[in-house]
Amino acid sequence: MKVLVPVKRVIDYNVKPRVKADGTGVDLLNVKMSMNPFDEIAVEEAIRLKEKGAATEVIVVSIGEPKAQETLRTALAMGADRAILVAAAQEVEPLGVAKVLAAIVGEEQPGLVILGKQAIDDDSNQTGQMLAALTGRPQGTFASKIEVSGDAVEVTREVDGGLETVRLSLPAIVTTDLRLNEPRYASLPNIMKAKSKPLAQKTAADYGVDLSPRLRTVQVAEPSKRQAGVKVGSVDELIDRLRDLGVAA
Amino acid sequence: MKSLVLAEHEGGAIKDATLAAVTAAGKLGGEVDLLVVGSGVDAAAQAGAQIAGVSRVLVADDPAFDHALPENVAPLVVQLMGEHDAFVAPATSTGKNIAPRVAALLDVMQVSEILSVEAPNRFTRPIYAGNAIATVETGDPKLVCTVRATAFEKAARTGGSATVQPVGGAADGGLSQFVGAQQSHSERPELTSAKIIVSGGRALQNGENFKMLIEPLADKLGAAVGASRAAVDAGFVPNDYQVGQTGKIVAPEVYVAVGISGAIQHLAGMKDSKVIIAINKDEEAPIFQVADVGLVGDLFKLVPELTQKL
Ligand SMILES: Cc1cc2nc3c(=O)[nH]c(=O)nc-3n(C[C@H](O)[C@H](O)[C@H](O)COP(=O)(O)OP(=O)(O)OC[C@H]3O[C@@H](n4cnc5c(N)ncnc54)[C@H](O)[C@@H]3O)c2cc1C
Ligand SMILES: Nc1ncnc2c1ncn2[C@@H]1O[C@H](COP(=O)(O)O)[C@@H](O)[C@H]1O
C-alpha cells in the first residue's frame, strides 16, 4: 500500500504574523517558513506505517512556489521515499489543491492519503474533506489514532465532545490532529541522503487542473487589539475585581 | 436567497452553535431552512421548528445519518442544494467534517469560520490564528460556509413556527461505519457556551494537580474548565478541553488563565473573551499583554487561597 502525504510550506508557528500596511495580506518577506505542523505529524504517521510493514512507499507532494522544495526535502529527510512538486505561482486554495491531489491519487492509487487537518496560515480546514469528496473515498478527519487492518482503517477522531472512532474501507483519506504522534527530527545523515531521493517537478496543467481562485481577498486587516490591563498585588485584590465584575459574591 | 442550515442536536435538543449559524444564515437575506438528520429525530425537529427565523425544518430520518457520517450526509445536502443557494454549518467538529465535502461536490470553495456577513457574497474570516482578519468575496454560484459561533448572536429558541417536512434520498453509501465514542461527561457548563471559564496550562504539572486546583476553583465560580494544548498533550485533561487556534474557540464573560503562557495559538481561542484574568509566576508572560487583570505569583499558593476565599 502506498501512502500519499500532501505537505504545505507555511509561516513557522513560532513567528507572530504581521499584517502588511497596505492591507493586501500578511508580510512573509524574510519570515521563517516551515512545514505546516499538522503535515509533519502526517509524514511521521506515514513513515511509522511503513516501518510497521503496513505501507510500502511514502510519497510526499506539495503544491506551491519553487521553495516548497525545501519542505519536500525535509519530508524526505524524515523518511519519505519520493516527492512531487506541483509548481503554482499564486496562492492556491483548498479546492484547487484538492483537485490536483485527486489527479495524483488517480495516478498513484495510494491506499491512504494523510493530510494535516488545517494549514496554520489560511486556517481553512477543508482540503482533506474536499479530496475525499472528489475521489469518492471515506474520510477520517482530526485523527488521534490510526489502525490499518486488512481492507479497512480504524480512525479515532478528536471531536467536540471527546473522541469518536470510525471504520473506513480502504482506500481512505485521513487528516491529522495534534495528538496523533510526535514527529521525529531528521538526522544529519538522513538530510544528506534526502538530497538524492527523487523529486518530480510538475505543473497543475500536467494534471489538467485550473487553479484560478474562487475567492477574492478584498482586504486583510489587523484584529482589534486588546489593551493590557492592571496587575493586582494579592488574591484579595483579585477577589475585589471579581466582585466588581459580578463574578464573586 | 434560500439557505440550508445544518442542525446539530443531542437528546432532542438543538445545540447552541446551530443557533448562531441560523443567525448568520438570516443575515444572507431570504428564507432559512434547517436540516435535521439522524434516526428518531422527531423531538429535535420539533425543537428546530420553534427557533425564531426558521421557515422550514427538513428532516432526514434514517439510521444512515446517525453520527453525522459525512460520506452519507454530504450527498443528501448536495441533493437539497438543488433548491438552496447557501449551505451554512456551525464551525464545530461536525460542521467542519461535512461542509467541505459538500463544497467540493458542488465545485465551490468553502468560506471557513465566518465572523461577519458583509454582503451575501462577502464575509470576514480569521486567518493566521486570528492575527489577521481577511475580507473575502466569493464568485461561486452557491455558497458553502461555516460559522464561528462566538461571532454571532444565538437565534431565539422559541418564537418560530416552521413547517416540518420529511426529506429522503441518498442513504448509506457503505464507505464508513461508526464504531464508538468516548464522550467526556461533566456536570459543569459546556466550554463553548459557558459564561465563565477557568483554564489550566502546563504549569499544573499533572492531572492530579489539575483536579485539586483548577476544578474546585471552577466549581466555586460555576465555570467550565478549559486547558492549553500543553496540558492536553501531557494528558492532564481530555482533548476536548483544548482552547485555541486548533481547539475550541471561546468568548465567555470571564476567562481565567492559570499557568498558561499565552502562545498565539492559545490566544486565538480566547482573546475575544470579555474579561481575561491571568495567574502566572512570570511577569513577562505574553498572557499579561491581553489580560485585564493579572496576578503574578505561584499558582500552587495563589489558587488554593483564591478558591478558599471565594
Ligand atoms: C500547530 C499548532 C497548533 C496549536 N494549537 C494550540 C491550541 O489550539 N491551543 C493551545 O493552547 N496551544 C496550541 N498550540 C501550542 C502553543 O504553541 C503552546 O505550546 C501552548 O499553548 C503552551 O501551553 P502552556 O501555556 O500551558 O505552556 P507553557 O508555554 O509552557 O507555559 C506555562 C506557563 O506557566 C507558568 N508557570 C509555571 N509554573 C508556574 C507556577 N508554579 N505558578 C504560576 N505560573 C507558572 C510559566 O511562567 C509559563 O508562562 C499549538 C501549537 C502548534 C504548533
Ligand atoms: N499547497 C498545498 N500543498 C500541499 N498540501 C496542501 C496544500 N494546501 C493544503 N494542503 C494539505 O491540506 C491540509 C489542510 O489544509 P487547509 O485545508 O488549507 O487548512 C494541509 O495540512 C496539507 O496537508
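In the block above lies the structure referred to throughout.
Attention here is on the structure that accompanies the text. Please read all numbers here as calculations on a predicted model, not as lab measurements.

Rules used in this analysis
- Residues numbered from 1 in each chain as written.
- Chains lettered and ligands numbered in written order.
- Predicted model: local features only at pLDDT ≥ 70, side-chain atom pairs only at ≥ 80, totals over all residues.
- Heavy atoms only, no water.
- Buried < 20%, exposed > 50% of the residue type's maximum accessible area, 1.4 Å probe, protein only.
- Helix = DSSP H or I, 4+ residues; strand = E, 2+ residues; numbered from the N terminus.
- Salt bridge = Lys/Arg side-chain N within 4 Å of Asp/Glu carboxyl O.
- Near = heavy atom within 4 Å.
- Polar contact = N/O pair within 3.5 Å; in protein donor to acceptor, adjacent residues only side chain to side chain.
- Areas by Shrake-Rupley, 256 points an atom, 1.4 Å probe, with all protein chains shown as cover.
- Nonpolar A, V, L, I, M, F, W, Y, C, P; charged D, E, K, R; others polar.
- Phe/Tyr/Trp six-rings, centres within 6.5 Å; stacked < 30°, edge-to-face > 60°.
- Lys NZ or Arg CZ within 6 Å of the ring centre and 35° of its normal.
- Pairing = 2+ DSSP bridges.
- Axes fitted to C-alpha atoms, helices over the stretch in contact; angles between N-to-C directions.
- Contact = heavy atoms within 4.5 Å.
- Buried area = accessible area lost by both parts, 1.4 Å probe.

## Some points on helix H3 (residues 70–80) of chain B
Counted residue by residue, H3 of chain B has eight buried out of 11 residues, so it is predominantly covered. Looking at H3 of chain B, one finds that the buried residues are Pro70, Glu71, Asn72, Val73, Ala74, Leu76, Val77 and Leu80 of chain B.

## Comments concerning the pattern of salt bridges
This structure, assessed with the given rule, holds 39 salt bridges over all chains. We note a salt bridge from Arg179 of chain A to Glu158 of chain A, for which the minimum N-O separation is 2.9 Å. Of this pair, Arg179 of chain A sits in the loop between strand S10 (172–176) and helix H5 (188–194) while Glu158 of chain A sits in strand S8 (residues 152–159), and the two are 21 residues apart along the sequence. You can call Glu158 of chain A buried: its relative accessible area is 8%. In this structure, Glu83 of chain B and Lys2 of chain B form a salt bridge, with 3.3 Å as the shortest nitrogen-oxygen distance. You can see Glu83 of chain B sitting in the loop between H3 and strand S6 (86–90) and its partner Lys2 of chain B sitting in strand S1 (residues 2–6), a full 81 residues away along the chain.

## Considering the site of ligand 2
Residues and elements named next belong to chain A. Around ligand 2 sit 20 residues, and of these Asp39, Ile63, Ala119, Asn125 and Thr127 come closest. Within the backbone of Gly116, an N or O atom sits 3.0 Å from an oxygen atom of ligand 2. Ala119 places a polar main-chain atom, nitrogen or oxygen, 2.8 Å from an oxygen atom of ligand 2. Contact with the protein chains removes 99% of the 470 Å² of surface that ligand 2 exposes when unbound. Listing elements by their share of the shell around ligand 2, those giving two or more residues are strand S4 (57–64), helix H3 (94–108) and strand S6 (112–116). The dominant element in the shell around ligand 2, judged by the number of residues it contributes, is S4, at three residues. Broken down by class, the residue content of the shell around ligand 2 amounts to nine nonpolar, eight polar and three charged.

## Points about the packing of aromatic side chains
Per the counting criterion, the structure on display carries zero aromatic pairs over all chains. The ring of Phe142 of chain A has Lys117 of chain A lying over it, and the distance from NZ or CZ to the ring centre is 5.6 Å.

## What about the sheet that holds strand S10 (residues 132–138) of chain B?
Read from one edge of the open sheet, four strands run S12(A)-S10(B)-S9(B)-S8(B), paired in antiparallel fashion. Sheet topology places strand S12 (215–221) of chain A together with strand S8 (116–119) of chain B at the edges, where each strand pairs with a single neighbour. Taken pair by pair, the neighbouring strands of this sheet meet at an average axis angle of 35°, ignoring direction.

## Overview of the interface of chain B and chain A
Each partner contributes residues to the interface: chain B has 83 residues there, and chain A has 76 residues. Summed over both partners, the interface of chain B with chain A comes to about 6600 Å²; 55% of that surface belongs to carbon and sulfur atoms. Note that Lys309 of chain B is salt-bridged to Asp236 of chain A, the shortest N-O span being 3.0 Å. The tally of links from chain B across to chain A stands at 45 residue pairs in polar contact (both at pLDDT 80 or more). When its residues are assigned to classes, the side of chain B that touches chain A shows 39 nonpolar, 25 polar and 19 charged. The sheet contact formed by S12 of chain A and S10 of chain B spans six bridges and is antiparallel. Paired with Val220 of chain A across the two strands is Ala134 of chain B, which belongs to S10 of chain B.

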